Amino acid sequence: QVQLVESGGGLVQPGGSLRLSCAASGSIFRINALGWYRQAPGKQRELVAAITSGGSTNYADSVKGRFTISRDNAKNTVYLQMNSLKPEDTAVYYCNADLFTSMTRWNIYWGQGTQVTVSS
């Protein structure tokens, strides 16, 4: 079994910052990519940022220059540093992991989500 546990969401004023964390635990053989997605009310879930095992990153255009994704491979943890937050960043943020639980068993796992609200 694999679990992804997110933390760090909350209420912040426009222009503020938050840091999300997501720790993966359980029967993990190797983690490939890690990512953050978000879903606002009435909208589809969208990719925010992703990072490969080699450290290559990919960002949605709407967050480039404001958000930074990073990972600590020793801790099986991915982070999302969010700066200059805007009301349109309000959403439930989900952690995503592309990983192997053995040499041949691969799957994609999701966290339970953490609410980020940007409002004055």
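Since the structure is predicted, the reported quantities are computational estimates derived from the model, not experimental observations.

A.B. asks: How should the state of the cysteines be read in this particular structure?
C.D. replies: Among covalent bonds in proteins, the disulfide is the one between the sulfur atoms of two cysteines. Taken as a whole and assessed by the stated rule, the structure comprises 1 disulfide. What pairs with Cys-22 in a disulfide is Cys-95, and their sulfur atoms sit 2.1 Å apart. Handedness of the Cys-22-Cys-95 disulfide follows from its S-S torsion of about -80°: it is left-handed. Pair noted here: Cys-22 is in strand E3 (residues 18-26) and Cys-95 is in strand E9 (residues 91-100), with a separation of 73 residues, a long-range link. Look at Cys-22 and you get buried, because its relative accessible area is 2%. Since its relative accessible area comes to 0%, Cys-95 is described here as buried.

A.B. asks: Would you mind showing me how to read the side chain of Arg-71 here?
C.D. replies: By the secondary structure assignment, Arg-71 is in strand E7 (residues 67-72). An unpaired buried charge is present at Arg-71: no salt bridge exists, and Asp-72, the closest side chain of opposite charge, is 8.3 Å distant. A polar contact of 3.5 Å, which involves the side chain of Arg-71, links it to the backbone oxygen of Ile-31. A polar side-chain atom of Arg-71 sits 2.7 Å from the main-chain carbonyl oxygen of Asn-32. Residues contacting Arg-71, with those up to four places away along its chain left out, are Ile-31, Asn-32, Ala-33, Leu-34, Ile-51, Thr-52, Ser-53, Thr-77 and Val-78.

A.B. asks: Would you mind showing me how to read the pairing of E9 here?
C.D. replies: Side chains on a regular strand alternate between the two faces of the sheet. Among the 10 residues of E9, 9 are classified as buried, and the element is accordingly described as predominantly covered. In this structure, strand E4 (residues 30-39) lies alongside E9, joined through 8 bridges in antiparallel fashion. Residue pairing in the sheet places Arg-30 in a bridge with Phe-100 of E9. Looking at chain direction, E9 and strand E11 (residues 114-118) are connected through 3 bridges and run antiparallel. Across the sheet, Ala-91 pairs through a bridge with Val-116, a residue of E11. Counted between consecutive antiparallel strands, the loop separating E9 from strand E10 (residues 106-110) contains 5 residues.

A.B. asks: Explanation requested: a nonpolar patch on the surface in the structure shown.
C.D. replies: On the surface, a nonpolar cluster with roughly 310 Å² of combined accessible area is contributed by Trp-106, Ile-108 and Trp-110. Note on placement: Trp-110 falls in strand E10. Take Trp-110: its relative accessible area is 38%, and that puts it in the partly exposed class.

A.B. asks: Looking at this model, I keep getting lost on the packing of aromatic side chains. Mind explaining?
C.D. replies: With the rule as written, the count across this model stands at 1 aromatic pair. A ring pair is formed by Tyr-37 and Trp-110, whose centres lie 5.0 Å apart and whose planes are at 65°; its orientation type is edge-to-face. With a gap of 73 residues between them, Tyr-37 in strand E4 and Trp-110 in strand E10 connect regions that are remote in the sequence. Residue classification places Tyr-37 among the partly exposed residues on the basis of a relative accessible area of 23%. Cation over ring: Arg-45 sits above Tyr-94, and NZ or CZ is 3.8 Å from the ring centre.

A.B. asks: How should I be thinking about the sheet that holds strand E8 (residues 77-82) in this particular structure?
C.D. replies: Note: strands within a sheet are paired through backbone hydrogen bonds, in either parallel or antiparallel orientation. Sheet architecture is open: 4 strands sit in the order E1-E3-E8-E7, paired in antiparallel fashion. Both outer strands of the open sheet, strand E1 (2-7) and E7, are each paired with one neighbouring strand and no more. Sheet twist, expressed as the mean angle between neighbouring strand axes with direction ignored, is 15°. Taken together, the 6 bridges between E7 and E8 define a ladder with antiparallel strand orientation. Following the sheet pairing, Asp-72 is matched in E8 by Thr-77.

Rules behind the numbers
Residues numbered from 1 in each chain as written. Predicted model: local features only at pLDDT ≥ 70, side-chain atom pairs only at ≥ 80, totals over all residues. Heavy atoms only, no water. Disulfide = S-S within 2.5 Å. Helix = DSSP H or I, 4+ residues; strand = E, 2+ residues; numbered from the N terminus. Buried < 20%, exposed > 50% of the residue type's maximum accessible area, 1.4 Å probe, protein only. Lys, Arg positive; Asp, Glu negative; His and termini not counted. Salt bridge = Lys/Arg side-chain N within 4 Å of Asp/Glu carboxyl O. Polar contact = N/O pair within 3.5 Å; in protein donor to acceptor, adjacent residues only side chain to side chain. Contact = heavy atoms within 4.5 Å. Pairing = 2+ DSSP bridges. Patch = residues over 30% accessible without salt bridge, like charges linked within 9 Å, V, L, I, M, F, W, Y side chains within 5 Å. Areas by Shrake-Rupley, 256 points an atom, 1.4 Å probe, with all protein chains shown as cover. Phe/Tyr/Trp six-rings, centres within 6.5 Å; stacked < 30°, edge-to-face > 60°. Lys NZ or Arg CZ within 6 Å of the ring centre and 35° of its normal. Axes fitted to C-alpha atoms, helices over the stretch in contact; angles between N-to-C directions.

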